[in-house]
There are 2 protein chains.
Amino acid sequence: MQFVMHEVLNVVDEFKALPKHADLDADTLNAVLEEGGKFAAEVVQPLNLRGDAEGCTLDKATHEVTTPTGFKDAYAQFVEGGWAALSCDPEYGGQGLPLLINQCFYEMLNSASQAWTMYPGLSHGAYEALHAHGTDEQKKTFLPKLVSGEWTGTMCLTEPHCGTDLGLLTTRAEPQGDGTYRVTGNKIFISAGEHDLAPNIIHLVLARLPDAPKGSKGISLFLVPKYHVKPDGSLGERNPIFCTGLEHKMGIHANATAQLSLDGAIGTLVGEPNKGLQAMFVMMNTARLGVGNQSLGLTEVAYQNALAYAKERLQMRSLSGTKAKDKPADPIIVHPDVRKMLLTAKAYAEGGRAMAMYGAMIAEKAHHHPDDKVRKDSEEILGLLTPIVKAFLTDNGFAATNHCMQVFGGHGYIHETGAEQFVRDARINMIYEGTNTVQSLDLLGRKILQNQGATLKKFGKQIEALIAEEGVNEKMAEFINPLATLADQMTKFTTEIGFKGFVNADEVGGASVDYLRVAGHLVFGYFFARMASVALKKIGEGSTDPFYTAKLQTARFYFARLFPETASLMRTARSGVANLLDTDAALT
Amino acid sequence: MQFVMHEVLNVVDEFKALPKHADLDADTLNAVLEEGGKFAAEVVQPLNLRGDAEGCTLDKATHEVTTPTGFKDAYAQFVEGGWAALSCDPEYGGQGLPLLINQCFYEMLNSASQAWTMYPGLSHGAYEALHAHGTDEQKKTFLPKLVSGEWTGTMCLTEPHCGTDLGLLTTRAEPQGDGTYRVTGNKIFISAGEHDLAPNIIHLVLARLPDAPKGSKGISLFLVPKYHVKPDGSLGERNPIFCTGLEHKMGIHANATAQLSLDGAIGTLVGEPNKGLQAMFVMMNTARLGVGNQSLGLTEVAYQNALAYAKERLQMRSLSGTKAKDKPADPIIVHPDVRKMLLTAKAYAEGGRAMAMYGAMIAEKAHHHPDDKVRKDSEEILGLLTPIVKAFLTDNGFAATNHCMQVFGGHGYIHETGAEQFVRDARINMIYEGTNTVQSLDLLGRKILQNQGATLKKFGKQIEALIAEEGVNEKMAEFINPLATLADQMTKFTTEIGFKGFVNADEVGGASVDYLRVAGHLVFGYFFARMASVALKKIGEGSTDPFYTAKLQTARFYFARLFPETASLMRTARSGVANLLDTDAALT
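Computed from a predicted structure; not experimentally measured.

How each quantity is defined
Residues numbered from 1 in each chain as written. Chains lettered and ligands numbered in written order. Predicted model: local features only at pLDDT ≥ 70, side-chain atom pairs only at ≥ 80, totals over all residues. Heavy atoms only, no water. Helix = DSSP H or I, 4+ residues; strand = E, 2+ residues; numbered from the N terminus. Rg over C-alpha atoms; globule rule 2.2 N^0.38 Å. Buried < 20%, exposed > 50% of the residue type's maximum accessible area, 1.4 Å probe, protein only. Contact = heavy atoms within 4.5 Å. Areas by Shrake-Rupley, 256 points an atom, 1.4 Å probe, with all protein chains shown as cover. Lys, Arg positive; Asp, Glu negative; His and termini not counted. Charge placed at Lys NZ, Arg CZ, Asp CG, Glu CD. Buried area = accessible area lost by both parts, 1.4 Å probe. Salt bridge = Lys/Arg side-chain N within 4 Å of Asp/Glu carboxyl O. Polar contact = N/O pair within 3.5 Å; in protein donor to acceptor, adjacent residues only side chain to side chain. Nonpolar A, V, L, I, M, F, W, Y, C, P; charged D, E, K, R; others polar. Pairing = 2+ DSSP bridges. Least-squares fit on C-alpha atoms with pLDDT ≥ 70 in both. UniProt positions renumbered as here; feature names shortened; annotations may be inferred. Axes fitted to C-alpha atoms, helices over the stretch in contact; angles between N-to-C directions. Parallel < 35°, antiparallel > 145°, perpendicular 65-115°, else oblique. Left-handed = near helix turned anticlockwise from the far one by under 90°. Expected span 1.5 Å × (residues − 1). Phe/Tyr/Trp six-rings, centres within 6.5 Å; stacked < 30°, edge-to-face > 60°. Lys NZ or Arg CZ within 6 Å of the ring centre and 35° of its normal. Disulfide = S-S within 2.5 Å.

### Some remarks on the overall build of chain A
On a plain count of helices and strands, chain A comes out with 19 helices and 11 strands. Relative to the globule expectation of 25 Å for 588 residues, the C-alpha radius of gyration of chain A, 24 Å, shows essentially globular dimensions. Relative to its 588 residues, chain A shows a buried fraction of 63%. Residue pairs in contact within chain A that sit at least 24 positions apart in sequence constitute 72% of those at least 6 positions apart. On chain A, roughly 21,100 Å² of surface is accessible, and the fraction owed to carbon and sulfur atoms is 54%. Distance between charge centres in chain A, computed from 55 positive and 67 negative side chains, equals 4 Å.

Next up, the structure:
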């Protein structure tokens, strides 16, 4: 993280232009990371395996949920340590640090326990939505409690009959004439929807006003607290928003995925009537970056565990001759395919970290840069990267955690090893906050084709700049050449799909998933080349730190073993949608 | 199955040459399949979801294991129906039907419940090992009970410190001077290792004799029954082979994965001393084909469920305009990527079925064909296909079950839908009976390079024959052209890796996993072309049965969307092992 922050992205310099962070220094950032890492490793990580086995329990009589042993205490330490406030607005008690540092902290928390981390994670999303769209009254009442972590938040979108297609939702909100609304309906899949970590939960609920237009243009956002708040800030009556069931899930067992029943629960409007989806999108975009970060955390921890095991576990001899003569067998890390599985996870973690941290850096610029154009451009590029971070990092995370589990052989299939839990936890990340197919349509259909690739070209200029700078450096050729080739191909590839999509919109849907992976590799390739360039400079300056050699080796592995996937992906994306649509006989 | 059996493979004609099956007719085979399908669907399938939630329980005092509700009763019906005897030797009470029909039946059983099916499945492996290597006494005592299914069997290989590397195993067998041995040691990961379905369990246990050479050449195979058998065939004393624990696993919860402790348990030798691994390999090869078949069953059932859901679930409108005007949204099957996920599973199921059934057909020839050369060639090609069936079908099965789960969106992550269980169950298949990496080394290192590709060429002749036959048929060009191209590339590709491996054996290990997938696609491509050829002929003859149109559509999809993966795989396989081995700095 420090390498990416200081040597690749030079964030301290970049942030000098932002008045809010002009005084930030590297030591502060590093110190927060060190302390955050300790919190994740010492307080949260020990809860993960047991939390998965124990799960959450619902008392159907009281509608109260109990989280696994230790979760409540760890959360109390989180609040006590001020961790919830890291990148929040000082006006509401926040520490005002960049989003980037919060994201790095959350990567480590996700490595420690995705299920635990979702409790504060969802709160942070609610904080952002309220901060952007809440009334002064709402902000005054709720933000300080969300910033301190004293209360937590949720986002209540999904209903049994609609997830992707929120236009179908039927939860309704009746105005009471006093500025409040009575909200009635059933929500499902509400992460952290009920628990015992905090005395109050602030639900942000999508619902329809009585006169609302049909579809997605008739959805409004409401703040519905579990307990009403009295004028003095103390808790009042229980609001009728009750947990009626917890889902039995493949993974993230320790996070309560709640069915919530609202029976005339009283709420207040957030943002404008019928513009609830736009307000919720503040939360969704943050959440999408957060989901990519969840898989990044799992990729890293799965890698670290599998690497340690591969060095210890003795099994068979190297094909090229005995390596550990004093042992009954060689450690399995001598086997090429074991190394390939480990390096795949490592490269996905390092490429993903560079991409995600870059995203967090430009998010900061999008919010706080004094120059309008920089803000606008940053916003645009962040919009382009968001679906890639969400889908590419979660697909990669699932592949990586599976590879790492495979390194453990049969032991990987056993709960106690922990490897299989990472796979099960990682699996949800490809689904929630917009499935990865939805992400791919957002990327290709909206972010790229809607402005004829203008945003993609903006990002492409950065790649061109790197190629121009390093294209003459012979040592960089192994990284720059494949990157430059793909960048060229990408332009043609995009235009081609754009034309086909213009004739038949389904062509976009038939190509988008493959397209997103190609785009992901373009961005990864760019960052691996930048990382290799930094490493080569250090080595050129005489550094013998194996850290830089490692960066080069990982980049080399990435370009040789993972990046070539783009060749097949472009071929299948180009095969046209007819092989999917003209298949009615096959799909009966 | 009937299409592959009768229209593609023409098994009844092929089996005419085998005296054992000369009288076999299609009606008999079809009738067994129909009845087998009913048994799987009506008796076994209803147990699967609940069995997963319930799991097995061990009574630590008695060392007895209870299987989930209904498992025992279903197994009694299995025995009662004579299903265990389907393809067993009539000399021991079997029905003498071809292995092929047993395999098709087991595919359906695996669709119904992999965890349940493993109980009889393991028994069948034990039957085969004893049938091939048992003494007359052992066969007389144990085979009739395994054939009837009255008793079950296991294979006890793994120990805590060794799975892949059985040469390290330490369980020991002391001769008692009376022809029996006392076996002492600890085994883990023993599938169906203890349960309440049958009164006796016949364990086949690998152990070392006192004077045994070190490593894999000093391993012998022992038959260790749970209960001794009296001369009259009734059960005698309990043998001290006890279940001391059950593993907590990612999936197949309803199958008891036992830790077994042998404390001087009395056993008898199977086969020759120190040649236990060879004897066990009879069982292992059957088991490897069986594991491919497990994933095939899961692929098919996951597909069927996801297809039904995709037709029902309404969400969003088609990108190319509303399709279901009378409904609030279109069924999700209109979306190109949903179709892609479904067709991927379907193509993996159909290609896998053709390959696996072909394997079972030539296994029958390898055992029972009167012509020595046919037997030998069939044996060789079966040996070539076995690691492909095991690894390619299980990797595909994991991808397919994941795609099908994704079709369900958030609901796929919930236990009650069943989709996530298929993923968890499918995951073990990539690990046990030799990890998929081990399979790839078996294929490339042993089956292909050890005889300079001679076996591969034998199979290649069949592909050449198809290309020669259909190369002039314009309608077949879309299938034959890519197949012919890959067949050409494969020869060069194999030679190239062979040369590199000759210089550095690790090159084989660095290429083998990618190589196996390319080989898998070569075989799939061959069978998809054969299936398309059959379909085209039927359509040419005037058939309007949509079944044949479906075959063409699936083949088209396969060649357009899945087969092109080979382009990237050959590139990464060729990248050389240095990017894996020269990475010590990265893997620290």
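### Let's talk about the interface of chain A and chain B
Contact with chain A, which involves 95 residues of that partner, is made by 95 residues of chain B. Counting the surface lost from both chain A and chain B, the interface buries some 7,700 Å², and carbon and sulfur atoms represent 59% of this. Remark: the boundary between chain A and chain B carries 6 salt bridges. Linking Arg339(A) and Asp584(B) is a salt bridge whose minimum nitrogen-to-oxygen distance equals 2.9 Å. The interface formed by chain A and chain B includes 66 residue pairs in polar contact (both at pLDDT 80 or more). Residues of the side of chain A that touches chain B, tallied by class, amount to 44 nonpolar, 30 polar and 21 charged.

### Quick notes on the pairing of strand β4 (residues 172–175) of chain A
Residues and elements named next belong to chain A. Taken together, the 4 bridges between β4 and strand β5 (residues 181–191) define a ladder with antiparallel strand orientation. Bridge assignment links Glu174 to a residue of β5, and that residue is Arg182. Linking β4 back to β5 in an antiparallel pair, the connection comprises 5 residues, with Gly177 at a positive phi of about 80 degrees.

### Section: the environment of Met1(A)
Residues and elements named next belong to chain A. Relative to the elements of secondary structure, Met1 occurs in the segment before α1 (2–8). For the pair Met1 and Met357, spaced 356 residues apart in sequence, the C-alpha to C-alpha distance is 8.4 Å. Ignoring any residue separated from it by four or fewer positions in sequence, one finds Met1 in contact with Leu33, Cys104, Glu107, Met108, Arg353 and Met357.

### Remarks on the relation of the copies chain A and chain B
Expressed as a screw operation, the relation of chain A to chain B combines 0.0 Å of axial shift with a rotation of 180 degrees, fitting to an RMSD of 0.0 Å. Read as a symmetry element, the transformation amounts to a two-fold axis. In terms of proximity to the rotation axis, the leading residue of chain A is Ser568(A), whose C-alpha is 2.8 Å off the axis.

### With respect to the pairing of strand β5 (residues 181–191) of chain B
Residues and elements named next belong to chain B. Burial analysis of β5 places 8 of its 11 residues in the buried class, which makes it a mostly covered element. By the bridge criterion, 9 bridges tie β5 to strand β11 (residues 257–270) in an arrangement that is antiparallel. Residue pairing across strands places Tyr181 opposite Gly267, the latter belonging to β11.

### Notes on the pattern of salt bridges
Enumeration over the complete set of coordinates arrives at 66 salt bridges over all chains. Note that Arg574(A) is salt-bridged to Glu496(A), the shortest N-O span being 3.0 Å. On the criterion of sequence distance, the pair formed by Arg574(A) in helix α18 (residues 565–574) and Glu496(A) in helix α15 (residues 477–503) is long-range, its members being 78 residues apart. Salt-bridge contacts for Glu150(B) lead to Lys145(B); the nearest nitrogen and oxygen are separated by 3.2 Å.

### As for the environment of Leu552(A)
Tracing the backbone shows Leu552(A) in helix α17 (residues 546–562). Note: C-alpha distance between Leu552(A) and Gln2(A) (550 residues apart in sequence) is 17 Å.

### Comments concerning the UniProt feature "domain: Acyl-CoA oxidase/dehydrogenase middle" (unreviewed entry) in chain A
If you check UniProt for "domain: Acyl-CoA oxidase/dehydrogenase middle" (unreviewed entry), the listed places come out as residues 155–263 of chain A in our numbering. End-to-end, the C-alpha atoms of residues 155–263 of chain A are 17 Å apart, and along that stretch the chain is 0% helix and 46% strand.

### Re unusual backbone geometry
Even without glycine at this site, Glu433(A) takes up a positive phi of about 60 degrees. What makes Glu433(A) buried here is its relative accessible area of 17%. The phi dihedral of Gln452(B) is positive, around 50 degrees, even though this residue is not glycine. For Gln452(B), the location among the structural elements is in the loop between α13 (436–448) and α14 (454–470).

### Quick word on the side chain of Gln553(A)
Take Gln553(A): it is sitting in helix α17. Side-chain polar atoms of Gln553(A) contact the backbone nitrogen of Ala586(B), separated by 2.8 Å. Discounting residues that sit within four places of it in the chain, Gln553(A) has contacts with Asp582(B), Thr583(B), Asp584(B), Ala585(B) and Ala586(B).

### Focus on the UniProt feature "domain: Acyl-CoA dehydrogenase/oxidase N-terminal" (unreviewed entry) in chain A
Feature annotation in UniProt assigns "domain: Acyl-CoA dehydrogenase/oxidase N-terminal" (unreviewed entry) to the following positions: residues 68–150 of chain A. Counting secondary structure, residues 68–150 of chain A comes out at 69% helix and 0% strand; the distance between its end C-alpha atoms is 19 Å.

### Some thoughts on the packing of helix α7 (residues 114–133) of chain B against helix α8 (residues 136–148) of chain B
Residue and element names in this part refer to chain B. At a minimum axis distance of 10 Å, the contact between α7 and α8 shows a crossing angle of 155 degrees. Taken together, α7 and α8 sit at an angle that is classed as roughly antiparallel. Considering how the two elements wind past one another, α7 and α8 form a crossing that is left-handed. Taken together, the residues of α8 that come into contact with α7 (itself represented by Ala126, Tyr127, Leu130 and His131) are Gln138, Lys139, Phe142, Leu143, Leu146 and Val147. Its residues assigned to classes, the contact of α7 with α8 comprises 7 nonpolar, 2 polar and 1 charged.

### Quick notes on helix α10 (residues 336–368) of chain A
Its 33 residues give α10(A) an end-to-end C-alpha distance of 47 Å, which sits within 8% of 48 Å, the value for a rise of 1.5 Å per residue. Among the 33 residues in α10(A), 31 count as buried, and that is most of the element.

### Structural notes on the packing of aromatic side chains
Residues and elements named next belong to chain A. Across all of its chains, the model carries 61 aromatic pairs over all chains by this definition. Site record: aromatic cluster; members linked through ring pairs are Phe39, Tyr75, Phe78, Trp83, Phe105, Tyr106 and Trp116. Here the guanidinium or amino end of Arg238 rests over the ring plane of Tyr227, the centre of that ring lying 5.6 Å away.

### What to know about the side chain of Asn110(A)
On the secondary structure map, Asn110(A) appears in helix α6 (residues 99–112). Take Asn110(A): its relative accessible area is 2%, and that puts it in the buried class.

### Quick look at α18(A)
When you tally the buried positions in α18(A), you get 7 out of 10 residues, the bulk of the element. Listed as buried for α18(A) are Thr566(A), Ala567(A), Ser568(A), Leu569(A), Met570(A), Thr572(A) and Ala573(A). Among the structural elements, α15 and α16 (506–540) of chain A together with α17 (546–562) and α18 (565–574) of chain B are those in contact with the buried residues of α18(A). Of the residues flanking the end of α18(A), it is Gly576(A), one or two places downstream, whose phi is positive at about 85 degrees.

### A short note on the environment of Gln315(B)
The residue Gln315(B) is located in the loop between α9 (276–312) and α10 (336–368) in this model. Counting along the chain gives 16 residues from Gln315(B) to Pro331(B), while the straight-line C-alpha distance between them is 6.2 Å. Reaching out from Gln315(B), the side chain makes a polar contact with the backbone nitrogen of Asp165(A) at a distance of 3.1 Å.

### As for the state of the cysteines
All names here are of chain A. Taken as a whole, this structure holds 0 disulfides over all chains when the rule is applied. Free of any disulfide, Cys56 has its nearest cysteine sulfur in Cys243, 9.6 Å distant. By relative accessible area, Cys56 is classed as buried at 16%.

### What about the packing of α10(A) against α17(A)?
All names here are of chain A. Where α10 meets α17, the closest approach of the two axes is 10 Å, and the angle between their N-to-C directions is 105 degrees. Classified by the angle between their axes, α10 and α17 sit roughly perpendicular to one another. Within the contact between the two elements, α10 uses Lys340, Leu343, Thr344, Lys346, Ala347, Tyr348 and Glu350 and α17 uses Lys551, Thr554, Phe557, Tyr558, Arg561 and Leu562. Taken together, the residues of the contact of α10 with α17 break down into 6 nonpolar, 2 polar and 5 charged.

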